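Examining the three-dimensional arrangement
Residues per chain, in single letters:
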Amino acid sequence: MTGKDRVLNAIKCQDVDTVPWVPFVGCHAGALIGKDAETFLKSADLIEQGVKKAVELYQPDGVPVMFDLQIEAEALGCELIWSKDNPPAVTKHPLCNGMKLNDLKVPSPDTGRVAVALDAANRIRSNHPDLAIYGLVTGPFTLALHLLGTDIFMKMFDSIDEVNQLLSFCRDVCKAMSKYYVEAGCDVIALVDPMTSQIGPDQFEQFVTPYVKDIFEDIGRRGAASSFFVCGHAQQNIAVMAKTGCDNISIDENIPLDYVRDECQKHNISFGGNLQLTSVLLLGKPVDAQKNALACLEIGGQKGFILAPGCDLPYATPPENLQAVPEIIHDEYKRDVVRQMVTETPDEDSMDMLEYGQADKVVVDVITLDSEACAPCQYMVDAVKRVAPEFDGIVIWREHKIKYRESLVFMTSLMVRNVPTICIDGEIVFVSRIPPKDELIAAIQKRINEKFRMKIQSRRASLYLLGKNDNKMQLLRENIDQAMAELGVSDINIDQIDEDEAIAGFGVAPSQTPAVVMAKYQAKSLNRVPEVVVIKEWLKDI
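So, here is what we can say about the structure in this document. Predicted, not measured: the structure shown is a model, and the values here were computed from it.

Turning our eyes to something else, we now look at the overall build of the protein chain. A count of helices and strands for the protein chain gives 23 helices and 16 strands. For 542 residues, the compact-globule estimate of 2.2 N^0.38 gives 24 Å, and the protein chain exceeds it by more than 25% at 30 Å. Dimensions along the principal axes, computed over C-alpha positions, put the protein chain at roughly 105 × 60 × 45 Å. Taking as baseline every contact in the protein chain between residues at least 6 positions apart, the subset at least 24 positions apart corresponds to 71%.

See below:
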């Protein structure tokens with residue numbers, strides 16, 4: 001049985017001799033031939049060479065032509081920012097910058113990098129007749145986000161007709177791109193729509209289902225198989241995705257594989273995933289990849305399952321980690337060895353987060369796969385960028401890309417399980433959901449208010465009233481009582497000192513009374529022994 005047969009049989013839930021293996025090599029194929037992502041993704045020659053190298057190394061049953069969700073967006077006028085180790089990211093949305101929907105035209109096969117992708121598809125088809133070739137198309141909802149930006153989320157409530165018109169256009173683009181890829185020899189058309197993870201099932205059925213159903217029907221009429229890709233925390237939508245008419249659903253590590261298996265089997269459709277991209281394939285060792293692959297194989301089973309990474313492989317993924325995967329698939333003895341291996345205790349690197357978020361400024365952490373490579377991550381980072389200037393000098397924000405080990409440790413320390421996620425002062429606030437501007441502002445403001453209250457509560461003070469009981473002292477007491485009442489302050493200790501010797505101890509002469517001395521008390525250290533250098537800093541404030 002050829003790799004192509006395995007993939008197509010698995011997609012149809014038919015018998016296979018082994019579970020098919022489809023590594024989604026996008027710009028990682030560029031790394032295999034020593035080319036940066038930008039150079040690679042602009043050249044059909046290099047794409048052909050990179051895929052050829054990936055096939056030699058990884059023994060796949062199927063491969064994608066490209067994994068770049070900005071090809072259609074670029075052809076429609078979106079401005080991109082390029083990276084050396086990631087696909088490009090959309091930086092400007094034409095429908096937010098004066099262009100009208102009627103100005104947009106469905107790209108032709110010879111438009112921009114559409115032509116590059118189709119040229120590469122033809123070459124890869126010719127070079128690898130026994131492999132299943134995937135043509136990846138940006139899904140209609142994600143493409144609509146590229147064109148309109150996050151304004152679409154408000155318009156889904158306020159301007160439903162406008163959103164539907166935009167999605168109808170994006171559907172037509174998807175159908176055209178699917179047609180081009182099928183004509184170029186692709187066996188599987190994968191509709192990649194990661195931004196659907198940002199909406200719930202009701203909105204999915206209203207704004208996504210009608211359009212993708214039409215696309216999948218069109219793909220089927222053209223004789224190709226269809227796959228619906230989603231990434232992120234999209235578990236809530238798997239049940240409705242399974243009703244869209246797709247032949248296959250592919251997911252990443254954010255969604256439990258057994259859950260997807262059970263939902264897909266209800267509808268007699270196949271499923272794929274969900275090797276861990278960063279913690280295993282990028283940052284792990286070959287044995288980690290094999291353990292992860294074995295776990296997926298045992299959950300997925302032999303029928304209707306395609307083993308694959310959850311999304312586009314990171315550029316710097318060590319080839320040896322991917323080479324270890326087919327060994328597990330094709331060698332039963334190797335599987336037994338891995339099962340029997342003593343589980344190595346991983347390095348439980350973690351950070352002490354006990355005092356995280358206690359500084360004067362509010363810290364907003366955005367934990368992402370990589371905002372340059374992941375559309376939901378990009379739009380979540382953009383949401384924070386837009387809001388941060390409104391808290392200038394009060395709020396600082398940082399992105400933590402978990403393709404780097406230190407960020408993965410940070411993510412684990414905060415007990416974050418899904419990306420993208422926004423944490424405010426170490427507290428998980430928004431999980432795999434891009435917050436509207438007002439909601440994000442309110443969450444940050446809430447934390448600022450909490451810190452202000454905590455700061456007041458952490459400070460204690462005493463007022464010492466120096467002088468005899470006379471009319472001036474009586475007026476002073478009345479003024480203090482009024483001030484405390486107006487501020488709602490009730491926990492300040494007030495003592496009167498009337499003996500001359502005691503008054504002099506405060507550095508005040510009896511002739512200078514009535515006088516007020518305030519003694520402030522602020523907790524500097526709790527349940528720990530501070531270092532000398534820290535104590536020195538405290539003493540400088542006295």
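Next up on the list: unusual backbone geometry. Cis rather than trans, the peptide bond between Gly273 and Asn274 has omega equal to -25 degrees. Counting through the fold element by element, Asn274 comes out in strand E8 (residues 270-275). The residue Asp425 is not glycine, and still its phi comes out positive at about 50 degrees. Residue position: Asp425 is located in the loop between strand E12 (421-424) and strand E13 (427-431). Classification of Asp425 by relative accessible area gives buried; the value is 7%. At Ser432, a position not held by glycine, the phi torsion is positive, near 50 degrees.

As a further point, take the environment of Arg125. Positionally, Arg125 belongs in helix H6 (residues 112-127). Overall, the relative accessible area of 15% leaves Arg125 in the buried class. Here the alpha-carbon distance between Arg125 and Ala184, two residues 59 residues apart in the chain, equals 7.7 Å. Every residue in contact with Arg125, bar those within four places of it in the chain, is listed here: Lys4, Asp130, Leu131, Ile133, Ala184, Gly185 and Asp187. Here the side chain of Arg125 touches Gly185 through a polar contact of 3.1 Å, landing on its backbone oxygen.

Counting residues in each nonpolar core, the largest one holds 162 residues, and the members touching the most others are Tyr134, Phe141, Leu147, Ile152, Tyr181, Ile249 and Leu307. With 12 residues, the single largest contributor to this core is helix H9 (residues 160-183). If we skip the residues at most four places from it in the chain, Tyr134 touches Val7, Ile11, Val22, Phe24, Val63, Pro64, Val65, Cys186, Val188, Ala190 and Ile306. Counting seven residues, the second largest nonpolar core, distinct from the first, contains Ile497, Ile503, Ala515 and Ala519.

Turning our attention to the side chain of Thr317. When you line up the elements, Thr317 lands in the loop between strand E9 (305-309) and helix H16 (319-330). Residue classification places Thr317 among the buried positions, given a relative accessible area of 2%. Within polar-contact distance, the side chain of Thr317 engages the backbone oxygen of Pro314 at 2.8 Å. Beyond its immediate chain neighbours, meaning those up to four positions away, Thr317 contacts His28, Leu281, Leu282 and Leu322.

With that settled, the discussion passes to the sheet that holds strand E1 (residues 62-64). Across the sheet, seven strands lie side by side as E1-E4-E5-E6-E7-E8-E9; this open sheet has parallel pairing. Lying at the two open borders of the sheet, with one neighbouring strand each, are E1 and E9. Here the average twist between neighbouring strands, direction ignored, is 25 degrees. In terms of strand pairing, strand E5 (residues 188-192) meets strand E6 (residues 225-229) through five bridges, oriented parallel. Paired with Ile189 across the two strands is Ser226, which belongs to E6.

This part takes up helix H13 (residues 257-266). Within H13 the residues assigned to the buried category are Leu257, Val260, Glu263 and Cys264. Seen from one end, H13 has its buried residues packed into an arc of 130 degrees, which puts them on one side. Close packing links the buried residues of H13 with helix H12 (238-241), strand E7 (248-250), E8, helix H15 (286-300) and E9. Downstream of H13 by a residue or two, Asn268 has a phi angle that is positive, lying close to 55 degrees.

Here we come to the packing of aromatic side chains. Enumeration over the complete set of coordinates arrives at nine aromatic pairs. Geometrically, the ring pair formed by Phe271 and Phe305 is tilted, given 5.2 Å between the ring centres and 35 degrees between the ring planes. Note that Phe271 is positioned in strand E8 and Phe305 in strand E9, a separation of 34 residues in sequence. Like Phe271, the residue Phe305 is buried in the burial classification. A network of ring pairs unites the aromatic residues Phe24, Phe67, Tyr134 and Phe229 as a single cluster. We note Lys42 situated over the ring of Trp82; from NZ or CZ to the ring centre the distance is 4.6 Å.

Thresholds applied
- Residues numbered from 1 in each chain as written.
- Predicted model: local features only at pLDDT ≥ 70, side-chain atom pairs only at ≥ 80, totals over all residues.
- Heavy atoms only, no water.
- Helix = DSSP H or I, 4+ residues; strand = E, 2+ residues; numbered from the N terminus.
- Rg over C-alpha atoms; globule rule 2.2 N^0.38 Å.
- Contact = heavy atoms within 4.5 Å.
- Buried < 20%, exposed > 50% of the residue type's maximum accessible area, 1.4 Å probe, protein only.
- Polar contact = N/O pair within 3.5 Å; in protein donor to acceptor, adjacent residues only side chain to side chain.
- Core = buried A, V, L, I, M, F, W, Y, C linked by side-chain atoms within 4.5 Å.
- Pairing = 2+ DSSP bridges.
- Axes fitted to C-alpha atoms, helices over the stretch in contact; angles between N-to-C directions.
- Arc of directions from axis to C-beta.
- Phe/Tyr/Trp six-rings, centres within 6.5 Å; stacked < 30°, edge-to-face > 60°.
- Lys NZ or Arg CZ within 6 Å of the ring centre and 35° of its normal.

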